[in-house]
Amino acid sequence: MQLLEERILKDGIVKPGNVLKVDSFLNHQMDIEFINELGKEFKRRFADAPITKILTIEASGIGIACLVAQYFHVPVVFAKKAQSLNLDGEMFTSKVESFTHKKVYDVILSKKFLGPEDHVLLIDDFLANGCALMGLIDIVNKSRATLEGAGIVIEKGFQEGGKKIRDMGVRLESLAIVDSMTDDSLTFRPNN
Ligand code: G4P
Ligand code: NA
Ligand code: NA
């Protein structure tokens, strides 16, 4: 998506360790009118999918998912991250090992908010190694809902998450795919 690529080139900052900071417009300060345009683009790409629910994970996915949801006219449900689990049987849970943060956490979601009748679109800001997204997919499977696809704002194409998710047969739409980045150059994979 050209608008997004231009914004990343203008305001994104590459940090050591292959981290792309976009916190002036996407995941700390948020440019709402801009993110609204991303919402329209996700709707265009998933126009044929009978989405009943948007699922994301705290924290930075939530605000983005809310703006996207306006165009699908469906609720947003966000999974929570928990360090230790008080299992009471009322929650879907999945264990996530974050490669980036070198920590293990549980992704949890109340069973009340996802079930076999649902058609789910996953939304998140970044896809890197994909551990968080794999956790969400696991939860969708446990709920026996139908996974319609995943919409990601920025995929880091040089990390393994995108390939892993596509190889599972999941319809993955990333609005920008960064193929390489250094202090003074950033390249995108051609992608509508
Ligand atoms: P992982 O397996 O390495 O943990 O990869 P994953 O794709 O799950 O990403 C881990 C976390 O790091 C995610 O946020 C993701 O948004 C963030 N992330 C990965 N690469 C970048 C990057 O280049 N720039 C920025 N800004 N973030 C990146 P999180 O910590 O799980 O959650 P939250 O920030 O949404 O609370
Ligand atoms: Na995130
Ligand atoms: Na993040």
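Everything quoted here is computed from the prediction, not taken from an experiment.

S.K.: In this structure, what is going on with the UniProt feature "binding site: xanthine" (unreviewed entry) in the protein? I would like to understand it.
M.R.: When the UniProt feature table is mapped onto this chain numbering, "binding site: xanthine" (unreviewed entry) sits at Leu-20, Asn-27 and Lys-156. Within the secondary structure layout, Leu-20 lies in strand β2 (residues 19-21). Every residue in contact with Leu-20, bar those within four places of it in the chain, is listed here: Gly-12, Val-14, Ile-154, Val-178 and Met-181. In this fold, Lys-156 is placed in strand β8 (residues 146-156). Judged by local crowding, Lys-156 falls into the buried class, with 24 C-beta atoms found within 10 Å. Among all residues touching Lys-156, those that are not within four sequence positions of it are Leu-127, Ala-128 and Val-178.

S.K.: Quick question: what am I supposed to make of the sheet that holds strand β10 (residues 185-188) here?
M.R.: Paired through their backbone hydrogen bonds, the strands of a sheet run either parallel or antiparallel. One open sheet accounts for eight strands, arranged β5-β6-β4-β3-β7-β8-β9-β10; its pairing is mixed. Every other strand in the sheet has two partners, leaving β5 (91-98) and β10 as the edge strands with one partner each. When strand polarity is set aside, the average angle formed by the axes of neighbouring strands in this sheet is 25 degrees. Pairing analysis gives six bridges linking β8 to strand β9 (residues 172-182), with the strands arranged parallel. Across the sheet, the residue bridging to Ile-152 is Ser-174, located in β9. Packed on one face of the sheet, helix α4 (residues 131-143) meets β3 (53-57), β4 (76-82), β5, β6 (103-110), β7 (119-127) and β8 and runs near 160 degrees to β5.

S.K.: Before we go on, may I ask you to explain the packing of helix α2 (residues 32-45) against helix α3 (residues 60-72) in this structure?
M.R.: For any two helices packed against each other, the geometry comes down to the angle between their axes and how far apart the axes lie. Packing of α2 against α3 leaves a shortest axis separation of 8 Å and a crossing angle of 50 degrees. With respect to α3, the element α2 is oriented oblique. For the pair α2 and α3, the sense of crossing is right-handed. Mapping the contact onto sequence places Ile-32, Ile-35, Asn-36, Gly-39, Lys-40, Phe-42 and Lys-43 in α2 and Ile-64, Leu-67, Val-68, Gln-70, Tyr-71 and Phe-72 in α3.

S.K.: Where do I start with the UniProt feature "binding site: 5-phospho-alpha-D-ribose 1-diphosphate" (unreviewed entry) in the protein in this structure?
M.R.: Residues given the UniProt feature "binding site: 5-phospho-alpha-D-ribose 1-diphosphate" (unreviewed entry) here are Ala-128, Asn-129, Gly-130, Cys-131 and Ala-132. Contact partners of Ala-128, with chain neighbours within four places excluded, come to Thr-100, Lys-156, Gln-159 and Gly-161. Looking at where Gly-130 falls in the secondary structure, it is placed in the loop between β7 and α4. With near-sequence residues (within four places) excluded, Gly-130 lies in contact with Glu-160, Gly-161, Lys-164 and Ile-165.

S.K.: Explain the pairing of β5 here, please?
M.R.: Every regular strand shows the same layout, with side chains that alternate between the two sheet faces. With eight bridges connecting them, β5 and β6 associate as antiparallel partners. Along β6, the bridge assignment pairs Phe-92 with Leu-109. Counting the residues in the hairpin turn of β5 and β6 gives four residues, including Lys-102, whose phi is positive at 50 degrees.

So, how was this worked out
- Residues numbered from 1 in each chain as written.
- Chains lettered and ligands numbered in written order.
- Predicted model: local features only at pLDDT ≥ 70, side-chain atom pairs only at ≥ 80, totals over all residues.
- UniProt positions renumbered as here; feature names shortened; annotations may be inferred.
- Helix = DSSP H or I, 4+ residues; strand = E, 2+ residues; numbered from the N terminus.
- Contact = placed C-beta atoms within 7 Å.
- Buried ≥ 20, exposed ≤ 12 C-beta atoms within 10 Å, placed from the backbone.
- Pairing = 2+ DSSP bridges.
- Axes fitted to C-alpha atoms, helices over the stretch in contact; angles between N-to-C directions.
- Parallel < 35°, antiparallel > 145°, perpendicular 65-115°, else oblique.
- Left-handed = near helix turned anticlockwise from the far one by under 90°.

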